[in-house]
Structures are given as structure tokens and as C-alpha cells.
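# Architecture and fold: a report
Now for the letters of each chain:
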Amino acid sequence: MRIDVLTLFPDMLRPMLGESILGRAAENGLIDVRLHDIRDYTLNKHHNTDDYPFGGGAGMVMYAQPICDAVRAADPDHTAHRIYLSPRGRTLDQKIVEELGREEHLLLLCGHYEGVDQRALDLCIDEEMSIGDYVLTGGELGALVLIDAVSRMVPGVLGSAESGEDESFTTGLLEYPQYTRPAVYQGMAVPEVLLGGNHADIEAWRREQSLEITMRRRPELLDTAPLTDADRAILARLRAAENAIASLGIPAERLLLREADAFEKRWFNTFVPEEKRKAAKKQCFSGRRHVGYLWQAFSMGFIDSEETLPEGCFSGANLLYLPEEKILLRVSGEPAVSGSAVLCDEAMTYTRVSTGRKALGPYLAKI
Ligand SMILES: C[S@@+](CC[C@H](N)C(=O)[O-])C[C@H]1O[C@@H](n2cnc3c(N)ncnc32)[C@H](O)[C@@H]1O
């Protein structure tokens, strides 16, 4: 792909274009970015490129003549799709990036100061493109953003190590969290599922994470993202959990099943009274992981439920978990609940408080 960039400050672009993936793409002949200094096309003695705006007002406006001459020199047969970087333009997004990625030749005009004489745009430019609802000092950064994003669409620019297939937006959703070594950093463990090597589980985990992050941060993307019935079921469940959290009025977050499963075994001991543990294990420990045990123990009545939670206890809950149709809350250690562990029943009423324990326990509830 060829990209001609017209700018008053070509040196602003050079360093970025020569490094990393863009630099390698240029070296391999996959992208051919040509920088043109608009000043070289001025006809006046002092090589001025701008002047005061007719009608008054702040700032300077770039002359039409050097721009039009530079455009004609760079793209004499108008083979390029010609873009003026401008806050007034279409806002660049991944769909437009993909659209531009199909072009063989782009021409990018970078404005500066107050902008460009309108006649240059009317005569020489196909469309205006914005990189976001804010104003930059010049179009150079916008051009770099566009070049970077569009180059990723050119076959071969991304090596297999940088494959762009399941990036944010490409799938219609935001991307799931990524982790690399070490498996535990500052006490924070990588979600267990990613270490297990079960690709179906990993895919399911990533999909659910993507759906959840998109739902929380950019819910409007879900209107157009291609969703399966399974995705819709997950979203319905996540929304139900959001509502359940909202109705509790506590600062809580969900934790995914597999993350919750990474809880230590002692959770079980925290909740199942000693005299019932043996029987509970016999009934519950058939291939289930810890939260599974706990939930099963709870639903089979191995966990007592005669005590009730004192008022205000929920102020310390900071984590809420929703495996399938269940919720698990973990107490954070706020003074109000420090040393207490609480279990909720299906109606989200409190069924058990164990006090004086160092480790704080999970809540389980059904929604
Ligand atoms: C200070 S701006 C001019 C803004 C212009 N007076 C306006 O209000 O629309 C100077 C140049 O920066 C570039 N620019 C500023 N914001 C931009 C954005 N959000 N996207 C793309 N280019 C931008 C344009 O090329 C513009 O000509």
C-alpha cells in the first residue's frame, strides 16, 4: 500500500515510521509511505505557507496553492483516496480502518494552525477524517494514527505473533484480559483456566470476558456485534448479576467461575462445620473444584444457616461472583465485617455469619 503524506513537518513523522512494525513493513516493501513537505511547493519569496483568515479571527490559515500543487505532484492521476485529517471529519474507527485497508493508495493532508483554506479541500480532497472529538495542534499525529491502524490491515504487516484477528473491535467486542509470565505477580495469580491448556475452556473464558468488558465499558457495541445465542445467554446472566449487585447497594464486582475456583480449599473448611465435613466431602468432592464443592455443600444442606447477618455487614463486600446462575461475594476486611464470613441464601437473605476468622469467606447466592 502506498501512502503519501503532505505536511509542513515531515520530521515529526519519520521516527515513528522507521520503527517497530511500521519500520519493518516499510523495509519489506509492504507499505510505502512518502512524505511531502508542503513548504517545497510555495511560490512566494519567503516560502510562507499561511496567512490571516479573511473575515478576521484568531490564528492563521494554510494557503490553498501549495497544498493543491503538492497534492497534484504526489497524486497526478488521482489514484489515491485523498484524506484531510480534521476534527470535522468522519471519526476513524475499526470499520473505517478496514475500509481504508482495502485501498491501494492513500493521500493524507495534515493541517496546522487554524486549518486549511476551504478551496484546497474542495478542489483536492475526497474526505475529511477525524481521529477523535478533540483538537490537535496539527494533523501529523492523526496521520500517524491512521497509518498505523491501516497498515495492520495490509497482509503480511502483522507477523503471526501479532495476529490481529481477535483484537478489540475486530470481533465487534472489546478484548479479553491478557497475561504473561510470571503466573503469580505481587500475589496476583493468572486465572487458572489460562494455565490449564484446555482450549475450549480458554475460548469460553475469553469470550465471556470480552462480553463482560464490552457490556461494562462500551455497551453500545453490543448492538452491532455479531452475537450467538450462547453470547446472549451469557449477557442476560451478566445483566441479571448487575441488577442483583445494584439492588444490594454495595460496591461489588463479579468474579468468574474459574477465578473463583482458584480459591483455596480452606474456603470449604470455613463454611462447612467440622462435624459435617466428612459427609459433605463424600457427597461433594466428585470431580468438582472448590467453589463447586462449596456450592454443592451449600445446596445439599451441609452448611448451617441458623445465624443472621448483623445490619451493615455488607458494607465490606467487594467481590461478587456469578457461576451460571449463582453469585458469590467475598468480604474485603472492612472493619464492619473483619473476621466475619457470610453465606447468602437464594433470596439473598443472610443465612450464616462466622466471626473471629482471619480469612474472610465467600457468599453464595442464587439469582
Ligand atoms: C488546531 S487544528 C485546527 C482546528 C480547526 N480550526 C477546527 O476547529 O476544526 C490544526 C490541524 O490539526 C489537525 N487536527 C486537529 N484535531 C484533529 C482531529 N481530532 N483529528 C484529525 N486531525 C486533527 C487538522 O489537520 C487541523 O487542520
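None of these values were measured; they are calculated from a predicted model. (Residues numbered from 1 in each chain as written. Predicted model: local features only at pLDDT ≥ 70, side-chain atom pairs only at ≥ 80, totals over all residues. Heavy atoms only, no water.)

## A word on helix α4 (residues 94-101)
All of the buried residues in α4 are Gln94, Ile96, Val97, Leu100 and Gly101. For α4, the buried positions fall inside an angular range of 160 degrees around the axis, keeping them on one side. Two to three positions downstream of the cap, the backbone nitrogen of Lys95 sits 3.2 Å from a side-chain oxygen, assigning the N-cap of α4 to Asp93. (Buried < 20%, exposed > 50% of the residue type's maximum accessible area, 1.4 Å probe, protein only. Helix = DSSP H or I, 4+ residues; strand = E, 2+ residues; numbered from the N terminus. Arc of directions from axis to C-beta. Polar contact = N/O pair within 3.5 Å; in protein donor to acceptor, adjacent residues only side chain to side chain.)

## Some remarks on the sheet that holds strand β7 (residues 127-130)
With parallel pairing, 5 strands are arranged side by side in an open sheet as β2-β1-β6-β5-β7. Every other strand in the sheet has two partners, leaving β2 (32-37) and β7 as the edge strands with one partner each. Shown here is a sheet whose adjacent strand axes are inclined to one another by a mean of 35 degrees, direction ignored. Bridging between strand β5 (residues 81-91) and strand β6 (residues 105-110) involves 5 bridges; their strand directions are parallel. The residue of β6 that forms the bridge with Arg82 is Leu107. Contacting β1 (2-7) and β2, helix α1 (residues 10-17) runs over the sheet at an angle of about 160 degrees to β2. In the packing of helix α6 (residues 140-151) onto the sheet, contacts are made with β1, β2, β5, β6 and β7, and the angle to β6 comes to roughly 160 degrees. (Pairing = 2+ DSSP bridges. Axes fitted to C-alpha atoms, helices over the stretch in contact; angles between N-to-C directions. Contact = heavy atoms within 4.5 Å.)

## Points about the site of the ligand
Taken together, 19 residues lie around the ligand, and Tyr84, Leu85, Glu114, Tyr134 and Leu136 are the ones closest in. Note that an oxygen atom of the ligand is positioned 3.0 Å from one of the backbone N or O atoms of Gly111. Between Gly139 and the ligand, the recorded distance is 3.5 Å, taken from a backbone N or O atom to an oxygen atom. Bound to the protein, the ligand loses 84% of the 570 Å² it would expose on its own. For the shell around the ligand, the elements supplying multiple residues, two or more each, are β5 and β7. Considering each element in turn, the shell around the ligand owes the most residues, 4 residues, to β5. For the shell around the ligand, the residue count by class is 9 nonpolar, 9 polar and 1 charged. (Near = heavy atom within 4 Å. Areas by Shrake-Rupley, 256 points an atom, 1.4 Å probe, with all protein chains shown as cover. Nonpolar A, V, L, I, M, F, W, Y, C, P; charged D, E, K, R; others polar.)

## Regarding the pairing of β5
Crossover β5 to β6 through α4 is right-handed. In this sheet, β7 lies alongside β5 in parallel orientation, the contact comprising 5 bridges. Looking across to β7, one finds that Tyr84 is bridged to Glu128. (Right-handed = clockwise from strand over helix to strand, strands pointing away.)

## Quick notes on the layout of surface pockets
Considered as a void within the structure, the second largest pocket measures approximately 420 Å³ in volume. As for the second largest pocket, its lining consists of 24 residues, of which Tyr84, Leu85, Ser86, Pro87 and Gly115 are closest to the centre. Breaking the lining of the second largest pocket down by element, the ones donating at least two residues are β5, α5 (118-124) and β7. When its residues are assigned to classes, the lining of the second largest pocket shows 11 nonpolar, 11 polar and 2 charged. (1 Å grid on protein atoms, 1.4 Å probe; cavity = no way out; pocket = protein on both sides within 12 Å on 5 of 7 lines; lining within 4 Å. Points joined across faces, edges and corners; volume = space filled by probe spheres on them.)

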